[in-house]
Amino acid sequence: MSLRIAAVGDVHLGTDMGGRYRSHLTGIEEKADVLLLAGDLTRHGTLEEGEVVVEEFRDLPIPVIAVLGNHDHHSDKPAEIAAMMREAGIAVLHDDAVVLDVNGERLGVVGGKGFGGGFAGKCASEFGEPEIKAFVNHTKRIADRWRTALKELEADRRVVLSHYSPVNDTLAGEPPEIYPFLGSYLLAEAIDAEGADLILHGHAHMGTEKGVTPAGIRVRNVALPVLGRAYGVYCLNGDGRC
């Protein structure tokens, strides 16, 4: 049986949105086996918004796995928001992995927020001022942790969940000038080195849904403005169709 992955990012829930997104999740268990949230779950990363996120996604009939995005860091409360979500039974990845038993198969999900830096030929380099070196090094450390997590993962199916994009394919539609702030090729390099069945990300509201890494791994931009629906559903089988 094919594993069905529901996914969405960039829902940007505010304190005025309680119950609004939840109504779109009714019957999700008939369409998917797990729900993955690709970051930017809040508008400004406040604890009050985090509480709305928890109420919208807690106690669903399928497992929920999330990463945080840049908006969720804005108020310097990402650890507190993640703790709230975990207490409600939502798994939150921070450059690590979780394995679920789904339909008799082990589904491994690796990921975290990710970060930027740009893409091969048009990217920031680890040279010059300390601030630029720190920017690039942050992404390098994340990519290294993802590679380690994938290398150590024992699962039948492997999905990578990120906020930032690992490829520029799914950024088409965004201004090229901001690509370095939307993702990094270093993320794709790490994933390609160890292998995965599917990569999901958000962040690029004006981007494109479908892309692929240099090694041929499917990439899907699941930002809500791109999908135009409450969530997308992606299947882990030969052709990816559900």
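No experiment lies behind these values; they were computed from the predicted model shown.

Asks: Lay out the overall build of the chain in plain terms, naming residues and giving numbers.
Replies: Each helix and strand counted, the chain has 5 helices and 13 strands in total. Against the globule reference of 18 Å for 242 residues, the chain gives a C-alpha radius of gyration of 17 Å, in line with a compact fold. Counting all 242 residues of the chain, 53% fall into the buried class. For the chain, the computed accessible surface area is about 10,700 Å², with 51% contributed by carbon and sulfur atoms. Of the charged side chains in the chain, 24 are positive and 36 negative; the average position of the first set lies 4 Å away from that of the second.

Asks: Provide a residue-level description of the sheet that holds strand β3 (residues 64–67), including the pertinent values.
Replies: Pairing is mixed across the open sheet formed by 5 strands, whose spatial order is β4-β3-β2-β1-β13. Of all strands in the sheet, those bounded by a partner on one side alone are β4 (91–92) and β13 (232–236). Inspection of the sheet shows strand β1 (residues 3–8) paired to β13 by 5 bridges, in the antiparallel sense. From the neighbouring strand, Arg-4 faces β13, where its bridge partner is Cys-235.

Asks: A description of the environment of Glu-189 should follow, citing residues and the corresponding values.
Replies: Along the polypeptide, Glu-189 turns up in helix α4 (residues 185–194). Judged by its relative accessible area of 48%, Glu-189 falls in the partly exposed class. Residues Glu-189 and Val-167, spaced 22 residues apart in sequence, show a C-alpha to C-alpha distance of 9.7 Å.

Asks: An account of the sheet that holds strand β9 (residues 157–162) is needed here, citing residue identities and associated values.
Replies: Whether parallel or antiparallel, the strands of a sheet pair through hydrogen bonds between backbone atoms. Spatial ordering of the open sheet is given by β5-β6-β9-β10-β12-β11, a layout of 6 strands whose pairing is mixed. The open sheet has two edge strands with one neighbour each: β5 (96–102) and β11 (210–212). On average, each strand axis in the sheet is tilted by 25° relative to the strand beside it, whichever way the strands run. Pairing geometry for β9 and strand β10 (residues 198–201), over 3 bridges, is parallel. Note on β10: the bridge partner recorded for Leu-161 is Leu-200.

Asks: Please provide a residue-by-residue account of the pattern of salt bridges, values included.
Replies: Scanning the model with the defined rule gives 9 salt bridges in all. Across the salt bridge formed by Glu-55 and Arg-58, the nearest N and O atoms sit 3.3 Å from each other. Residue class for Glu-55 comes out partly exposed when judged on its relative accessible area of 45%. With relative accessibility at 27%, the residue Arg-58 sits in the partly exposed group.

Asks: Report on the side chain of Glu-209, specifying residues and quantitative values.
Replies: Looking at the secondary structure, you find Glu-209 in the loop between β10 and β11. Engagement of the side chain of Glu-209 in a polar contact is seen with the side chain of Tyr-234, the distance being 2.7 Å. Beyond its immediate chain neighbours, meaning those up to four positions away, Glu-209 contacts Thr-170, Val-219, Arg-220, Asn-221, Val-226, Leu-227, Arg-229 and Tyr-234.

Asks: Give me the UniProt feature "domain: Calcineurin-like phosphoesterase" (unreviewed entry) in the chain: which residues, what numbers.
Replies: Those places that UniProt annotates as "domain: Calcineurin-like phosphoesterase" (unreviewed entry) correspond, in this numbering, to residues 3–206. Here residues 3–206 runs as 26% helix and 23% strand, with 28 Å between its end C-alpha atoms.

Asks: Please provide a residue-by-residue account of the nonpolar core, values included.
Replies: Leu-36, Phe-57, Met-85 and Leu-200 are the most contacted members of the largest nonpolar core, which has 51 residues in total. Sequence-distant contacts of Leu-36, defined by excluding residues within four places in its chain, comprise Ile-5, Ala-6, Ala-7, Val-8, Ile-65, Val-109, Val-159, Leu-161 and Leu-200. Counting 21 residues, the second largest nonpolar core, distinct from the first, contains Ile-142, Val-160, Tyr-164 and Ile-217.

Asks: An account of α4 is needed here, citing residue identities and associated values.
Replies: Every buried residue of α4 is listed here: Leu-186, Leu-187, Ala-188, Ala-190 and Ile-191. Of the surrounding elements, those touching the buried residues of α4 are α3 (130–152), β9 and β10. The opening residue of α4, the one whose side-chain oxygen lies 3.0 Å from the backbone nitrogen of Leu-186, is Ser-184.

Asks: Help me get a handle on the environment of Ala-190, residues and values and all.
Replies: Along the chain, Ala-190 turns up in helix α4. The sequence separation of Ala-190 and Thr-148 amounts to 42 residues, and the corresponding C-alpha distance is 8.7 Å. Discounting chain neighbours no more than four positions away, the residues touching Ala-190 are Ala-143, Arg-147 and Leu-150.

Asks: Tell me about the layout of surface pockets, and please be specific about residues and values.
Replies: Quantified by volume, the largest pocket comes out at close to 230 Å³. Residue lining of the largest pocket: 15 residues in total, with Leu-68, His-73, Leu-93, His-94 and Lys-113 positioned closest to the centre. When contributions to the lining of the largest pocket are tallied by element, the ones reaching two or more residues are α2 (78–87) and α3. Top element by residues in the lining of the largest pocket is α2. It accounts for 4 residues. When the residues that make up the lining of the largest pocket are grouped by side-chain class, the tally is 7 nonpolar, 4 polar and 4 charged.

The rules behind these values
- Residues numbered from 1 in each chain as written.
- Predicted model: local features only at pLDDT ≥ 70, side-chain atom pairs only at ≥ 80, totals over all residues.
- Heavy atoms only, no water.
- Helix = DSSP H or I, 4+ residues; strand = E, 2+ residues; numbered from the N terminus.
- Rg over C-alpha atoms; globule rule 2.2 N^0.38 Å.
- Buried < 20%, exposed > 50% of the residue type's maximum accessible area, 1.4 Å probe, protein only.
- Areas by Shrake-Rupley, 256 points an atom, 1.4 Å probe, with all protein chains shown as cover.
- Lys, Arg positive; Asp, Glu negative; His and termini not counted.
- Charge placed at Lys NZ, Arg CZ, Asp CG, Glu CD.
- Pairing = 2+ DSSP bridges.
- Axes fitted to C-alpha atoms, helices over the stretch in contact; angles between N-to-C directions.
- Salt bridge = Lys/Arg side-chain N within 4 Å of Asp/Glu carboxyl O.
- Polar contact = N/O pair within 3.5 Å; in protein donor to acceptor, adjacent residues only side chain to side chain.
- Contact = heavy atoms within 4.5 Å.
- UniProt positions renumbered as here; feature names shortened; annotations may be inferred.
- Core = buried A, V, L, I, M, F, W, Y, C linked by side-chain atoms within 4.5 Å.
- 1 Å grid on protein atoms, 1.4 Å probe; cavity = no way out; pocket = protein on both sides within 12 Å on 5 of 7 lines; lining within 4 Å.
- Points joined across faces, edges and corners; volume = space filled by probe spheres on them.
- Nonpolar A, V, L, I, M, F, W, Y, C, P; charged D, E, K, R; others polar.

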